[in-house]
Amino acid sequence: MALFGEKKSFFGRMSERITDVLMARVKVDEELMEELEEILITSDIGMGTTMKIMELLRKEIKDNSISNSEDVKEALTRVVAEICDKGERQKLSSETPLVILVVGINGGGKTTSIAKLGHMFKSQGKTVLFAAADTFRAAAAEQLDMWGKRIGVNTVMHNAGADPSAVIFDSIQSVKAKGIDVLICDTAGRLQTKKNLMAELEKMNKVIDKEFPEAKRETLLVLDATTGKNAVSQAEEFGNVTDVSGIILTKLDGSAKGGIAITVADEFDLPIKFIGVGEKMEDLQVFDGMKFAGGIFQ
Ligand SMILES: Nc1nc2c(ncn2[C@@H]2O[C@H](COP(=O)(O)OP(=O)(O)O)[C@@H](O)[C@H]2O)c(=O)[nH]1
Ligand SMILES: [Mg+2]
């Protein structure tokens, strides 16, 4: 599919199966609707979201008097696009200075996504600083610093075990002194110690509020698409501990089924702002609900 370059379609089997069903059945009848519903449910689209899609699809079919299966494709695309698109909130703040806090559980792809964002901003001509506020493991800061060196971004780091808020504090001083455009902060994702996590995030937010009130803010939650429905419960848990402004859905290049993006978009009042489609710094794409939905049948 053109939009995603050489990458294979996220929808993979789902697209094929839907296309097959629509080709096999010329008539738009109850049997066709049941087959479509079954495909959606078995493609990582949750039950609630599937029901919503089917309801909206039935309405589209009725309102537009759709009677051939070819037009069902288009109607389905419109329905999915409507669910995925959160309008103006879709866009990342373009104003600077901007502070982005990146949260999510370990292994989800936070550090890699920060590298990708850093690369994106650099290619837009913006100056960037990384804050290694995942101080829980020494390797975490080193990993971020390594990416930074490759991209040409400096990383503020303290020793392992240091207070993450102190890293944020120092980073802000540096950003203000140098007039840097974007500060991207890595964080530790220990959901199992939820209280600590909540306290840590709260403290970091307070430091930013106090030291850098003029900055625009984004809190991006990184969700691993390969964890399927688990990604949805992670979104819920993080949503409970901090104000999230958007989602980065990672690993959509792997075995993940694109359907999870539709479920996440539907179940949360949060826009998916970016998708991760690989391990390289270029493998980040701005999420566009319309194009994503259009990709189902490409
Ligand atoms: N295939 C693929 N792998 C990814 C993507 N994003 C991250 N990863 C890999 O996922 C693993 C964990 O990523 P990392 O950024 O260290 O996660 P963190 O613990 O949340 O910081 C690494 O091996 C990354 O290369 C992606 O979009 N696609
Ligand atoms: Mg990390």
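Here the structure is shown first, and the text comes after it.
Cut-offs and rules
Residues numbered from 1 in each chain as written. Chains lettered and ligands numbered in written order. Predicted model: local features only at pLDDT ≥ 70, side-chain atom pairs only at ≥ 80, totals over all residues. Heavy atoms only, no water. Near = heavy atom within 4 Å. Polar contact = N/O pair within 3.5 Å; in protein donor to acceptor, adjacent residues only side chain to side chain. Areas by Shrake-Rupley, 256 points an atom, 1.4 Å probe, with all protein chains shown as cover. Helix = DSSP H or I, 4+ residues; strand = E, 2+ residues; numbered from the N terminus. Expected span 1.5 Å × (residues − 1). Buried < 20%, exposed > 50% of the residue type's maximum accessible area, 1.4 Å probe, protein only. Core = buried A, V, L, I, M, F, W, Y, C linked by side-chain atoms within 4.5 Å. Domains from an automatic or database assignment. Contact = heavy atoms within 4.5 Å. Pairing = 2+ DSSP bridges. Axes fitted to C-alpha atoms, helices over the stretch in contact; angles between N-to-C directions.

1. Describing the site of ligand 1
- Around ligand 1 lies a shell of 16 residues, among which G107, K110, T112, D253 and E279 are the nearest.
- The contact in question runs from an oxygen atom of ligand 1 to an N or O atom on the side chain of T111, over 2.8 Å.
- The separation between an oxygen atom of ligand 1 and a polar main-chain atom of G276 is 3.3 Å.
- About the coverage of ligand 1: the protein hides 80% of its 580 Å² of free accessible area.
- In terms of residue count, the dominant contributor to the shell around ligand 1 is helix α5 (residues 110–123) (four residues).

2. Let's talk about α5
- Its 14 residues place the ends of α5 20 Å apart at the C-alpha level, agreeing with the 20 Å of an ideal helix rising 1.5 Å per residue.
- In terms of residue burial, α5 counts as a mostly covered element, since 10 of its 14 residues are buried.
- Along α5, the residues classified as buried are K110, T111, S113, I114, A115, K116, L117, G118, M120 and F121.
- Two residues or fewer past α5, G125 is found with a positive phi of approximately 85°.

3. What to know about the nonpolar core
- I53, L57, I168, L249, I262 and I272 are the most contacted members of the largest nonpolar core, which has 71 residues in total.
- For this core, the leading source of residues is helix α4 (residues 69–84), giving eight residues.
- Both of domain 1 (10–87) and domain 2 (91–287) provide at least three residues apiece to this core.
- Those residues in contact with I53 that sit more than four places away from it in its chain are L40, I45, L76, V79, V80, I83 and I262.

4. Describing the sheet that holds strand β4 (residues 182–187)
- As summarised here, the arrangement of the eight strands in space is β3-β2-β4-β1-β5-β6-β7-β8, forming an open sheet in which the pairing is mixed. Unpaired on one side and paired on the other, β3 (154–156) and β8 (284–286) mark the two borders of the sheet. Strand-to-strand twist of the sheet, defined as the mean angle between neighbouring strand axes without regard to direction, takes the value 25°.
- As paired elements, strand β1 (residues 98–103) and strand β5 (residues 216–224) share six bridges and run parallel to each other. Its bridge partner lying in β5, V103 is registered against L221.
- Contacting β1, β2 (128–133), β3 and β4, helix α7 (residues 164–178) crosses the sheet at an angle of about 165° to β2.

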